[in-house]
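Each chain, letter by letter, is given below.
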Amino acid sequence: MSTTMIDPVRFRPDIEQPEPDEAETIAGLKEALRSILDTTYKDYGHPVRSVHAKSHGILQGQVIVPALPAHLAQGMFATPGTHDAILRLSTNPGDILDDSVSTPRGMAIKIFGVEGARLPGAEGESTQNFVMVNAPAFNAKNPKAFLKSLKLLAKTTDTPQGWKKVFSSVARGAETALEAVGGESGTLKSLGGHPLTHILGETFYTVVPLRFGDYIAKLSIVPVSPSLKALTDAKLDLKEHPDGLREAVNAFFARDGAEWELRVQLCTDLETMPVEDATVVWPEDQSPYVTVARIVVPAQTGWSQARVAEVDDKMLFGPWHGLVAHQPLGGIMRARKDTYTMSANFRGERLGCPMHEPKAAGKLPG
């Protein structure tokens, strides 16, 4: 379908429909996440994120925005230009696990030098954050369903790794059998059933929508350089390599650079592309993903303890740090606002340095 043929839905505030008791649900989410933070801080003596605690790649590159047609030239994409960026690759759990406990992957990107009206709480900043995972939809419909699954995750945070490895192996077997007959289970993957594949071959999605200037959209980051595309579904031996994903990212960037495309899928129908149901995959035959920028990352150190100290310990990646033109939408996004802030404050207090949004990317170690 040509992008000029679509008729995108225009953003308006009443598109969002919060549940009457949403504040109570978000308070429950904060309590569950705080439980994870308390447990991991007790175990490690060092504060880590309540979700996506383990990083596998900390990268520095550029986001290049070309001249775009009017319906795509929105928000930070309205003006052609090149922006510095920091990318963080991670896996889902709030505890630091061996990579053989194979869970969904994430990519967060912090883009610098982005000017425009800011979201509440992001005043005075000049970054745009996008937070993504390697699935086109979320495994919980709304904040209430998310709270239900998070309570289960919180209870398993202190479970011995041996049990988690066994369960992950069983879950991978079940997921493989399901995929063999054309199925897929986000729940199995989230519980450790993700295939043992290379993280750099993944396509990442915002999963839930955000404002795209005059419109509503989801975003994705897609590998396009040949060396990255060759890693899609590529198997990795992680059973004897507790940090195998980091090792693979370091090996790749020691010899090669990478390019991704940042793509947007505009909402054209609120019935088939709902804002409040995060489990719905928006149909691409109605509105395909279209490229709005290129992400270029040169060869470099892919991950190091020095980069962890600079990025994992000092920075947060949250979708509410950005432009009003890219306001997060829907219940899952609304729930992220206070919960991400709570998690960042927990880390900042224990590290003796409050989290702050950097003005410039600087130069990462290595």
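A quick note: this is a predicted structure, and the numbers were derived from the prediction, not measured.

Engineer: Is there a simple way to explain the overall build of the chain in this structure?
Structural biologist: When its secondary structure is counted, the chain shows eight helices and nine strands. Residues classed as buried in the chain amount to 54% of the 366 residues present.

Engineer: Before we go on, may I ask you to explain the nonpolar core in this structure?
Structural biologist: Most often, soluble globular proteins keep nonpolar side chains buried together rather than apart. With 46 residues, the main nonpolar core has Phe77, Leu200 and Trp260 as its most contacted residues. Residue contacts for Leu200: discarding those within four places in its chain leaves Leu89, Pro223, Leu228, Leu231, Val249, Phe252, Phe253 and Trp260. Within the second largest apolar cluster, 22 residues are counted, among which are Leu29, Ala278, Met333 and Met342.

Engineer: What should I look at first to understand the pairing of strand β1 (residues 55–65) in this one?
Structural biologist: Working note: regular strand, side chains alternate between the two faces of the sheet. The buried count for β1 comes to nine of eleven residues, which makes it a mostly enclosed element. Of the strand pairs in this sheet, β1 and strand β9 (residues 290–297) are connected by three bridges, and their pairing is antiparallel. Bridge pairing in β9 links Val63 to Ile295.

Engineer: In this structure, what is going on with the environment of Gly244? I would like to understand it.
Structural biologist: Looking at the element boundaries, Gly244 is found in helix α6 (residues 244–255). Given a relative accessible area of 6%, Gly244 falls into the buried group. C-alpha of Gly244 to C-alpha of Ser100: the two residues are 144 residues apart in sequence and 8.5 Å apart in space. For Gly244, the contacting residues outside a window of four places in its chain are Asp99 and Leu238.

Engineer: Explanation requested: the packing of helix α1 (residues 22–44) against helix α8 (residues 331–351) in the structure shown.
Structural biologist: The contact between α1 and α8 brings their axes to 9 Å, and the two run at 35°. Here α1 and α8 pass one another in a crossing that is right-handed. From α1, Glu22, Ile26, Leu29, Lys30, Leu33, Arg34, Leu37, Asp38 and Tyr41 reach across to α8, where they touch Gly331, Arg334, Ala335, Asp338, Thr339, Met342, Ser343, Phe346 and Arg350. Here the contact of α1 with α8 is composed, by residue class, of eight nonpolar, three polar and seven charged.

Engineer: Looking at this model, I keep getting lost on the pairing of β9. Mind explaining?
Structural biologist: One ladder, built from seven bridges, connects strand β8 (residues 258–266) with β9; its direction is antiparallel. When the bridges of β9 are listed, Glu259 appears paired with Val296.

Engineer: Would you take a moment to explain the side chain of Thr91 for this structure?
Structural biologist: Relative to the helices and strands, Thr91 resides in strand β2 (residues 81–91). Within the structure, Thr91 has its side chain in polar contact with the side chain of His56 (distance 2.8 Å). Among residues more than four places away in sequence, those in contact with Thr91 are His52, Ala53, Lys54, His56, Thr103, Pro104, Arg105 and Leu245.

Engineer: Mind showing me how you'd approach the side chain of Ser225 here?
Structural biologist: Secondary-structure assignment places Ser225 in the loop between β7 (215–223) and α5 (226–229). Ignoring anything within four residues of it in the chain, the contact list for Ser225 reads Ala258 and Glu259.

Engineer: Could you clarify how one ought to interpret the pattern of salt bridges in this entry?
Structural biologist: Pairs may arise between side chains of opposite charge once their charged atoms sit close together. Summed over the entire model, instances satisfying the criterion amount to 19 salt bridges. Note that Lys144 and Asp21 form a salt bridge whose closest N and O atoms lie 3.1 Å from each other. Here Lys144 is found in helix α2 (residues 143–156), whereas its partner Asp21 is found in the segment before α1, with 123 residues between them in sequence. We note a salt bridge from Lys54 to Asp99, for which the minimum N-O separation is 3.0 Å.

Rules used throughout
Residues numbered from 1 in each chain as written. Predicted model: local features only at pLDDT ≥ 70, side-chain atom pairs only at ≥ 80, totals over all residues. Heavy atoms only, no water. Helix = DSSP H or I, 4+ residues; strand = E, 2+ residues; numbered from the N terminus. Buried < 20%, exposed > 50% of the residue type's maximum accessible area, 1.4 Å probe, protein only. Core = buried A, V, L, I, M, F, W, Y, C linked by side-chain atoms within 4.5 Å. Contact = heavy atoms within 4.5 Å. Pairing = 2+ DSSP bridges. Axes fitted to C-alpha atoms, helices over the stretch in contact; angles between N-to-C directions. Left-handed = near helix turned anticlockwise from the far one by under 90°. Nonpolar A, V, L, I, M, F, W, Y, C, P; charged D, E, K, R; others polar. Polar contact = N/O pair within 3.5 Å; in protein donor to acceptor, adjacent residues only side chain to side chain. Salt bridge = Lys/Arg side-chain N within 4 Å of Asp/Glu carboxyl O.

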